[in-house]
Amino acid sequence: RQRQMCIRDSVVFLGSPYWWGSLSVPMATFLMDHNLAGKRVYPFITSGSSSPAGALSRIRELCPQAEMGEYFYVPGSQASGAADDVKAWLKKINQ
């Protein structure tokens, strides 16, 4: 049964580490429990060694009626110094 959570904004940011070739289990559970149809979703992802492709695919699978915005990815080893990159991404996506 899908839980109802009122997400009033039309834009949703989804943050997750990339675990074992996919989206993290907690984020996947959140997406299974909450309908994001009609929302614009901006994923931000970190990983120790992989590209974000598997996580992005899983997000598209779990919220097929959401509009996928441009994602942000940073390797885990560079995450602590990524503030300027995050700011540039937010500016680029006009948020």
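Just so you know, these numbers come straight off a predicted model, no measurement behind them. (Residues numbered from 1 in each chain as written. Predicted model: local features only at pLDDT ≥ 70, side-chain atom pairs only at ≥ 80, totals over all residues. Heavy atoms only, no water.)

**Student:** What am I meant to see in the nonpolar core here?
**Tutor:** In globular proteins that are soluble, nonpolar side chains generally tend to be buried together. One finds Leu14, Leu23, Leu31, Leu36, Val41, Ile59 and Cys63 to be the most contacted residues of the largest nonpolar core, which totals 16 residues. Broken down by secondary-structure element, the contributors of at least two residues to this core are strand S1 (11-19), helix H1 (25-33), strand S3 (40-47) and helix H2 (53-62). The element contributing the most residues to this core is H2, with 4 residues. Each residue touching Ile59, except ones within four places of it in the same chain, is listed here: Leu14, Leu23, Leu31, Val41, Pro43 and Met68. By size, the runner-up hydrophobic cluster in this structure holds 6 residues, among which are Phe72, Val74, Trp89 and Ile93. (Core = buried A, V, L, I, M, F, W, Y, C linked by side-chain atoms within 4.5 Å. Buried < 20%, exposed > 50% of the residue type's maximum accessible area, 1.4 Å probe, protein only. Helix = DSSP H or I, 4+ residues; strand = E, 2+ residues; numbered from the N terminus. Contact = heavy atoms within 4.5 Å.)

**Student:** I keep staring at the pattern of salt bridges and nothing clicks. Help me out?
**Tutor:** Side-chain pairing between opposite charges can occur once the charged atoms of the two side chains come close. Counted by the stated rule, this structure contains 3 salt bridges. Linking Arg40 and Glu67 is a salt bridge whose minimum nitrogen-to-oxygen distance equals 2.1 Å. One end of the pair, Arg40, is in strand S3; the other, Glu67, is in strand S4 (residues 67-68), with 27 residues separating them in the sequence. On the accessibility criterion, Arg40 (27% relative accessible area) is partly exposed. Note that Glu61 and Arg58 form a salt bridge whose closest N and O atoms lie 2.5 Å from each other. Here Arg58 and Glu61 lie together in helix H2, a separation of 3 residues that amounts to about one turn. (Salt bridge = Lys/Arg side-chain N within 4 Å of Asp/Glu carboxyl O.)

**Student:** I keep staring at the packing of aromatic side chains and nothing clicks. Help me out?
**Tutor:** In this description, a pair of aromatic rings is defined by centroid distance and the angle of the planes. Per the counting criterion, the structure on display carries 5 aromatic pairs. A centroid spacing of 5.4 Å and a plane angle of 25° characterise the contact between Phe13 and Tyr42, whose relative ring orientation is stacked. Of this pair, Phe13 sits in strand S1 while Tyr42 sits in strand S3, and the two are 29 residues apart along the sequence. We classify Tyr42 as buried; its relative accessible area is 4%. Relative to Trp89, the ring of Phe72 has its centre 5.5 Å away and its plane inclined at 40°; by these criteria the two rings are tilted. Highlighted residues: Phe72 in strand S5 (residues 72-75) and Trp89 in helix H3 (residues 83-92), separated in sequence by 17 residues. Trp89 matches Phe72 in its accessibility class, with the two residues each being buried. Ring pairs connect the aromatic residues Phe13, Tyr42, Phe44, Phe72 and Trp89, which therefore count as one cluster. (Phe/Tyr/Trp six-rings, centres within 6.5 Å; stacked < 30°, edge-to-face > 60°.)

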